[in-house]
Amino acid sequence: MTRAAGAGICAFALAYLLADALHLPVLVYDPATGVVTTSRMPSGLQMRYFGDLLLASTAGLGSAALFGRLPSRIPVAVPAWTALVLVALDALYYLYRLAGF
Amino acid sequence: MIDRALLLAHAVLGFAALFAGTHHAAYAVLSALERPRLRALRRFMWIAPAAMVAQAICGLAIYPAYRLRVRAMDFDLNAPALVRLFELKEHLAALAVALVIGASLAGGCDRSRQARWPIAALSCAGAAFLWAAALIGLYVTARHPL
């Protein structure tokens, strides 16, 4: 279970970071018009947070389900510590953006 | 009116998630230190994820109203630093959801000794992100509630 959880968090953190950094096309929602579309670069009031979350959650759940079913000899600590490194990278990326660069 | 009710629910459920995540982290560390708290870890296996998902649903429900009434009408014009701070909070909260749910489910199901420290580390990271998101959320809401 810990391997599957670690793999799920790894996939979530990676997909969440890449979706934003590489401007992957995701669902975007315009709160002014209530319209949902797909876009790489939201404009105006459009929000891509829901789309990023959906993409990352799908990747995380899929990865956890896949890893949970596969027999694995990988030590339980490997996916967990990898997940922490990826989450730390995400946090550093967003802190870097907070600084306005 | 509904948005303010949802904001209150988001705050209350957010604190429930925060304390559930923090308790889980404390019990996970105790287990890693050879003082296992199996009943508590089993209890928080569902309490922490349920509180996290419920507060996240409330937060997502009011996000469009924040975007229109707070960000577009105030922060974008008067306080752009708060826009970036709130975005950091949203990203930390998203990562915390994954960490807390993953660590809680693993802590409730996995009894192996070698899993204890990895679960404790994931749970502590989730709790730390939750605390940061909660404090930023309180600060931003104090500046301009819905």
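Each chain carries its own residue numbering, running from 1 in the written order of its sequence. Note on labels: chains are lettered from A, ligands numbered from 1, in written order. Under the rules for a predicted model, residues below a pLDDT of 70 receive no local features and side-chain atom pairs below 80 are neither given nor counted, while totals for whole chains, interfaces and linings still include all residues.

So, the overall build of chain B
Here is step 1: Only DSSP runs of H or I with at least four residues qualify as helices, and only runs of E with at least two residues qualify as strands; both kinds are numbered from the N terminus onward. Across its full length, chain B carries four helices and zero strands.
Here is step 2: Reading chain B from its N end, one meets helices and strands in the order α-α-α-α.
Here is step 3: Referenced to the eigenvectors of the C-alpha coordinate spread, the extents of chain B come out at roughly 55 × 30 × 20 Å.
Here is step 4: Counting over 146 residues, chain B shows a buried share of 47%.
Here is step 5: Summarising the internal contacts of chain B: among those between residues at least 6 apart in sequence, 81% fall at separations of at least 24. In this scheme every C-beta is placed from the backbone, and a residue whose C-beta has 20 or more other C-beta atoms within 10 Å is buried, one with 12 or fewer is exposed, and one in between is partly exposed. What counts as a contact is two residues whose backbone-derived C-beta atoms lie within 7 Å of each other.

Examining the packing of helix 3 (residues 80-109) of chain B against helix 4 (residues 116-143) of chain B
All names here are of chain B.
Here is step 1: In this description, a line fitted to the C-alpha atoms serves as the axis of each element, helices being fitted only across the stretch in contact, and the angle between N-to-C directions of two axes falls anywhere from 0 to 180 degrees. In the contact formed by helix 3 and helix 4, the axes pass within 7 Å of each other and the chain directions differ by 150°. Taken as axis vectors, helix 3 and helix 4 run roughly antiparallel relative to one another. For the crossing formed where helix 3 meets helix 4, the hand is left-handed.
Here is step 2: Residues that form the contact of helix 3 with helix 4 fall into these classes: 21 nonpolar, five polar and two charged. Roughly parallel covers angles under 35 degrees, roughly antiparallel covers those over 145, roughly perpendicular covers 65 to 115, and oblique covers all other angles. Crossings are assigned a handedness: left-handed for a near helix turned anticlockwise from the far helix by less than a right angle, right-handed for a clockwise turn. Asp, Glu, Lys and Arg are counted as charged, while Ala, Val, Leu, Ile, Met, Phe, Trp, Tyr, Cys and Pro are counted as nonpolar; the rest, among them Gly, fall into the polar class.

Details of the nonpolar core
Here is step 1: In this structure, I9 and A13 of chain A together with L95, A96, L99 and L122 of chain B are the most contacted members of the largest nonpolar core, which totals 71 residues.
Here is step 2: Elements that contribute at least two residues to this core include exactly helix 1 (2-21), strand 1 (26-30), helix 2 (49-69) and helix 3 (77-98) of chain A together with helix 1 (2-32), helix 2 (38-78), helix 3 and helix 4 of chain B. What we call a nonpolar core is a set of buried Ala, Val, Leu, Ile, Met, Phe, Trp, Tyr and Cys residues whose membership is set by joining through C-beta atoms within 7 Å.

Let's talk about the packing of helix 1 of chain A against helix 2 of chain A
Residue and element names in this part refer to chain A.
Here is step 1: Where helix 1 contacts helix 2, the axes come no closer than 7 Å and their chain directions differ by 150°. By the criterion of interaxial angle, the relationship of helix 1 to helix 2 is roughly antiparallel. For the element pair helix 1 and helix 2, the recorded crossing hand is right-handed.
Here is step 2: When its residues are assigned to classes, the contact of helix 1 with helix 2 shows 16 nonpolar, five polar and three charged.

Focus: the environment of V76 of chain A
Here is step 1: On the secondary structure map, V76 of chain A appears in the loop between helix 2 and helix 3.
Here is step 2: Among all residues touching V76 of chain A, those that are not within four sequence positions of it are T2 and R3 of chain A together with S112, Q114, A115 and P118 of chain B.

Focus: the interface of chain B and chain A
The accessible area lost on association of the parts is a frequent measure of interface size.
Here is step 1: In this assembly, 30 residues from chain B lie in contact with 32 residues from chain A.
Here is step 2: Those elements that place two or more of their residues in the side of chain B that touches chain A are helix 2, helix 3 and helix 4 of chain B.
Here is step 3: Element by element, the count of residues in the side of chain B that touches chain A is highest for helix 3 of chain B, at 15 residues.
Here is step 4: Of the residues contributing to the side of chain B that touches chain A, the split by class is 22 nonpolar, four polar and four charged.

Observations concerning helix 2 of chain B
Here is step 1: End to end, helix 2 of chain B covers just 50 Å across 41 residues, shorter than the expected 60 Å (1.5 Å per residue, more than 12% under).
Here is step 2: Along helix 2 of chain B, the helix axis deviates most sharply at R71 of chain B, where the bend reaches about 55°. Every helix has an expected span of 1.5 Å times one less than the residues it contains. Consider a residue and the seven residues that end there alongside the seven that start there; fitting an axis to each set, the bend is the angle between those axes.

Comments concerning the environment of A32 of chain B
Residue and element names in this part refer to chain B.
Here is step 1: Inspection of the secondary structure assignment puts A32 in helix 1.
Here is step 2: A C-alpha to C-alpha distance of 9.0 Å links A32 and Q114, two positions 82 residues apart in sequence.
Here is step 3: With sequence-adjacent residues up to four places away left out, A32 is seen in contact with R116, W117 and A120.

Some details on the confidence of the model for chain B
Here is step 1: Each residue carries a pLDDT value, the predictor's own confidence for that position, ranging from 0 to 100. The share of residues in chain B with pLDDT of 70 or more is 100%, and the mean pLDDT across the chain is 92.
Here is step 2: At the low end of the mean pLDDT range in chain B sits helix 2 of chain B, at 91; at the high end sits helix 4 of chain B, at 94.

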